[in-house]
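Fold and contact review
Chain by chain, the residues run as shown.
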Amino acid sequence: MTGYASISGSAKGLDWVWEARSVNARGLDLRVRVPDAGEALEADIRKRAPATFTRGSISITLRINASEVDTGFALNPDGVQAVLEAANRLQQDAEAAGLTLAPLSLGDLLNHRATTDQGRMADRFLSIYKKLAAGIPQLLEDLDAARTAEGTALHGILIAQIDEMARLAKAAAASAEARAARSGALLKSRVAALLGATDRVDEDRLAQELALLTVKADVTEELDRLDAHIASARELLTSEKPVGRKLDFLMQEFNREANTLCSKSGAPDLTNIGLDLKVVIDQLREQAANVE
């Protein structure tokens, strides 16, 4: 099930945006990206999401930036001192080992995150943690609403495809009945010709062979199971519970019956109906992958 949701906010000189995206997947694949020091936020999301979603590849991202009024460059004196002391100790250790290090440039010093105000980003992040966490329930609720809206539109498509399968199944039953009548008349004429041509026919063996041919050509069971699967699909689409995986399994059963119908058809019109069924089943399978 696809869907998108986002919420944003700002506080203490920081702007943030939560984004959630969902695409189709057989199971629940949850991917969370938050800034450093946001492990607790990720844990909260991973705890809450499975209570709302059972299927889909869901990506949740948190982006934080300094607001326009707080984007001026500023040094972190404590960070500068710490970097200089660490560089001095490293230089001394290198000289004791007989190594020569390139001198630390001003650019190297300014590019280190500890020497600027960004070095205190973790502290600033923690200062707005409660506001960030408060947005998680709303984000998941909005994503669920987006997926539900798509599901509502998808429901009509699925019903139409199931109706088409029911129509084809009814046509297949009528075609099979007509084929049986034609085959029965043809078989009778051939048996009569055989009996008239020879008097050495084993009637018991002939009866067994005729029964075997009849069973092999009979598609009644396949059509009955197809009708039962169609009824099951309609019932699933009225359920308020997640049914995506059950629909996946049902698609396999639909396809199995259609394949058997084609292999046993013995008539062009019934074969064509079986092929049309396979096309509709494939379309239904693609749409069923979107169902929660």
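These numbers were taken from a predicted model, which means no experiment stands behind them.

**Examining the overall build of the chain**
Broken down by element type, the chain carries ten helices and four strands. Relative to its full complement of 292 residues, the chain shows a buried share of 33%. Of the contacts formed within the chain by residues at least 6 apart in sequence, a portion of 78% connects residues at least 24 apart. Only carbon and sulfur atoms are counted for the fraction: they give 54% of the accessible area of the chain, which is about 17,500 Å².

**With respect to the nonpolar core**
The biggest cluster of nonpolar side chains holds 31 residues, and the ones touching the most others in it are M165, L247 and F254. Mapped onto this core, the elements with two or more residues apiece are α6 (136-197), α8 (220-236), α9 (244-264) and α10 (268-288). Other than its neighbours up to four places away in sequence, F254 contacts M165, L226, H229, I230, A233, I281 and L284. Counting residues in hydrophobic clusters, the runner-up holds 25 residues, among them W16, L41, A49 and L139.

**Points about the pairing of strand β2 (residues 14-23)**
Bridge analysis of strand β1 (residues 3-11) against β2 gives nine bridges, and the strand direction is antiparallel. What sits directly across from S10, in β2, is D15. Adjacent in sequence and paired antiparallel, β1 and β2 are bridged by two residues, among which K12 carries a positive phi angle near 50°.

**Points about the side chain of R55**
Mapped onto the elements, R55 comes out in the loop between α1 (39-52) and β4 (56-66). According to the relative accessible area criterion, R55 is buried, its value standing at 3%. Looking at R55, its side chain comes within polar contact range of the side chain of D248, at 2.3 Å. For R55, the contacting residues outside a window of four places in its chain are A25, R26, G27, L28, R147, G244, R245, D248, A288, A289, V291 and E292.

**Brief notes about α10**
Its 21 residues give α10 an end-to-end C-alpha distance of 30 Å, which sits within 8% of 30 Å, the value for a rise of 1.5 Å per residue. Taken residue by residue, α10 has L270, I273, G274, L277, V280, I281, L284 and A288 as its buried positions. Viewed along the axis of α10, the buried residues span an arc of 125°, placing them on a single side of the element.

**Some words on the layout of surface pockets**
By volume, the largest pocket amounts to about 610 Å³. Of all elements in the fold, only α1 and α6 reach the threshold of two or more residues within the lining of the largest pocket. The dominant element in the lining of the largest pocket, judged by the number of residues it contributes, is α6, at eight residues. Partitioned by chemical class, the residues of the lining of the largest pocket number eleven nonpolar, eight polar and five charged.

**With respect to the side chain of R147**
Note that R147 resides in helix α6. Apart from residues no more than four positions distant in its own chain, R147 is found in contact with M1, T2, G3, S22, F53, R55, G56, I58 and E292.

**Concerning the environment of E253**
Summarising the element assignment, E253 is placed in helix α9. Taking the C-alpha atoms as reference points, E253 and H229, 24 residues apart in sequence, are found 7.6 Å from one another. Within the structure, the side chain of E253 is placed 2.5 Å from the side chain of R256, a separation counted as a polar contact.

**Points about helix α2 (residues 77-96)**
Here α2 spans 29 Å end to end across 20 residues, near enough to the 28 Å set by a 1.5 Å rise per residue. What α2 keeps buried is the set G79, V80, V83 and A94. Taken end-on, α2 shows its buried residues confined to a sector of 100°, consistent with a single buried face. Residues of α2 that are exposed and point more than 90 degrees away from the buried face comprise P77, D78, D93, E95 and A96.

**Regarding the pattern of salt bridges**
In this structure the tally under the stated criterion is 13 salt bridges. Here D44 and R48 are joined by a salt bridge, their closest N and O atoms 2.9 Å apart. Note that D44 and R48 are positioned in helix α1 at a spacing of four residues, about one turn of the helix. Between R225 and E221 there is a salt bridge; the shortest N-O distance is 3.6 Å.

**Describing the packing of α9 against α10**
The N-to-C vectors of α9 and α10 enclose an angle of 165°; their axes lie 9 Å apart at closest approach. Our classification of the angle between α9 and α10 gives roughly antiparallel. Like other packed secondary-structure pairs, α9 and α10 cross with a definite hand, here left-handed. The residues of α10 that touch α9, namely those facing L247, D248, M251, F254, N255, A258, N259, L261 and C262, are L270, T271, G274, L275, L277, K278, I281, L284, R285 and A288. For the contact of α9 with α10, the class distribution of residues is twelve nonpolar, four polar and three charged.

Analysis parameters
Residues numbered from 1 in each chain as written. Predicted model: local features only at pLDDT ≥ 70, side-chain atom pairs only at ≥ 80, totals over all residues. Heavy atoms only, no water. Helix = DSSP H or I, 4+ residues; strand = E, 2+ residues; numbered from the N terminus. Buried < 20%, exposed > 50% of the residue type's maximum accessible area, 1.4 Å probe, protein only. Contact = heavy atoms within 4.5 Å. Areas by Shrake-Rupley, 256 points an atom, 1.4 Å probe, with all protein chains shown as cover. Core = buried A, V, L, I, M, F, W, Y, C linked by side-chain atoms within 4.5 Å. Pairing = 2+ DSSP bridges. Polar contact = N/O pair within 3.5 Å; in protein donor to acceptor, adjacent residues only side chain to side chain. Expected span 1.5 Å × (residues − 1). Arc of directions from axis to C-beta. 1 Å grid on protein atoms, 1.4 Å probe; cavity = no way out; pocket = protein on both sides within 12 Å on 5 of 7 lines; lining within 4 Å. Points joined across faces, edges and corners; volume = space filled by probe spheres on them. Nonpolar A, V, L, I, M, F, W, Y, C, P; charged D, E, K, R; others polar. Salt bridge = Lys/Arg side-chain N within 4 Å of Asp/Glu carboxyl O. Axes fitted to C-alpha atoms, helices over the stretch in contact; angles between N-to-C directions. Parallel < 35°, antiparallel > 145°, perpendicular 65-115°, else oblique. Left-handed = near helix turned anticlockwise from the far one by under 90°.

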